[in-house]
Amino acid sequence: ALIRNHPADLYVSVHPLANSFLLRALGNERPPFVTVVTDLVTTHALWYDRRADLILLPTELARQRALAYGMAPERLRVVGQPIAERYAAPPGDKRALRRKLGWPEEGMIVLTVGGGEGMGPLGETARAIAASGLNLCLIVVAGRNEKLRAELEAEAWPIPTRIYGFTRQMPEFMRAADVLVTKAGPGTIAEAMAAGLPLILYARLPGQEDGNVVYVLRKRAGVWAPRPDRVVRTLRRWVENPAARARVAENSRRAARPRASRAIARTLGALLGLVEEAPQP
């Protein structure tokens with residue numbers, strides 16, 4: 001019924017559970033079907049249906065996994081992880097951005113997030129950072145976790161700390177911060193890399209996000225620190241050795257593919273004959 005009620009010239013899937021069902025419903029005589037994979041590395045087999053005309057992938061590691069599942073190489077293309085256009089904006093003046101946000105203009109600023117839902121040991125990690133005695137400013141984004149936000153706002157923090165709930169200012173937050181402490185979500189990792197942020201990953205979803213940690217470590221764009229004391233240890237090292245943090249930040253910037261969403265859009269436009277496809281890197 002979905003296919004019958006929504007005839008189209010091109011179908012694009014961005015979720016693994018949609019692929020096989022939609023392709024079966026479309027049948028043999030159908031328009032082009034494209035899958036956009038949005039898991040960085042540990043991609044489920046359901047992402048890869050051999051009937052798909054093209055599969056757009058975020059990383060080379062994901063392409064290797066597709067090949068292992070029997071996908072034809074000519075139907076695979078690595079374009080990067082799609083992110084919103086606002087995250088791809090130029091860095092701008094960090095001090096001016098901090099001033100606009102009401103943050104300290106000088107010193108290290110650590111941004112801690114747990115995804116849109118405020119998942120993982122976010123509160124415990126933020127408290128450990130604040131109690132460390134390190135000379136930094138802490139920004140905590142609790143997302144839609146209103147209970148956690150209320151708890152954190154009620155606390156007395158020993159260092160300059162700002163508590164936020166769900167916010168649409170994350171692109172600005174990332175460009176204004178110096179370090180991101182987060183769970184290993186693929187979108188957040190890609191957004192942070194676009195901002196050139198060194199990553200401290202403190203949590204992951206078993207299976208689905210395991211490969212995201214591997215990807216960050218291989219790119220030397222951050223560290224895996226699954227306990228608050230290990231998060232603090234990494235921050236202490238970067239506070240005492242800014243050059244080491246700068247190297248990780250540069251690695252993160254180099255791993256970024258901020259124009260991935262535009263590359264995907266251009267590929268889809270080319271399939272419809274609306275634009276000329278850009279040459280592959």
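Scroll up to find the structure this text is about.
Residues numbered from 1 in each chain as written. Predicted model: local features only at pLDDT ≥ 70, side-chain atom pairs only at ≥ 80, totals over all residues. Heavy atoms only, no water.

Colleague: Looking at this structure, I do not really get the environment of Val213. What am I missing?
Modeller: Of note, Val213 is situated in helix α9 (residues 210-218). Relative accessible area serves as the criterion here: at 3%, Val213 is assigned to the buried category. Spatially, the C-alpha atoms of Val213 and Ala225 are 10 Å apart, while their sequence positions differ by twelve residues. Not counting residues within four places of it along the chain, the set of residues in contact with Val213 comprises Ala184, Leu201, Arg204 and Trp224. (Helix = DSSP H or I, 4+ residues; strand = E, 2+ residues; numbered from the N terminus. Buried < 20%, exposed > 50% of the residue type's maximum accessible area, 1.4 Å probe, protein only. Contact = heavy atoms within 4.5 Å.)

Colleague: Teacher, can you tell me more about the pattern of salt bridges here?
Modeller: Note that side chains of opposite charge can pair when their charged atoms are close. If you walk through the whole model with that rule in mind, you get 21 salt bridges. Between Arg245 and Asp178 there is a salt bridge, and its shortest N-O distance comes to 4.0 Å. Taken as a pair, Arg245 in helix α11 (residues 242-255) and Asp178 in the loop between α7 (170-176) and β8 (179-183) lie far apart in primary sequence, 67 residues in all. We note a salt bridge from Glu250 to Arg253, for which the minimum N-O separation is 2.7 Å. Taken together, the positions of Glu250 and Arg253, both in helix α11 and three residues apart, correspond to about one turn of that helix. (Salt bridge = Lys/Arg side-chain N within 4 Å of Asp/Glu carboxyl O.)

Colleague: Looking at this structure, how should I read the nonpolar core?
Modeller: Side chains that are nonpolar tend, in soluble globular proteins, to be buried together. Residues Leu111 and Phe173 are the most contacted members of the largest nonpolar core, which totals 35 residues. Mapped onto this core, the elements with two or more residues apiece are α4 (94-101), β5 (108-113), β6 (136-141), α7, α8 (186-194), β9 (199-203) and α9. The element contributing the most residues to this core is α8, with five residues. Counting residues in hydrophobic clusters, the runner-up holds 29 residues, among them Val110, Ile129, Val231 and Val232. (Core = buried A, V, L, I, M, F, W, Y, C linked by side-chain atoms within 4.5 Å.)

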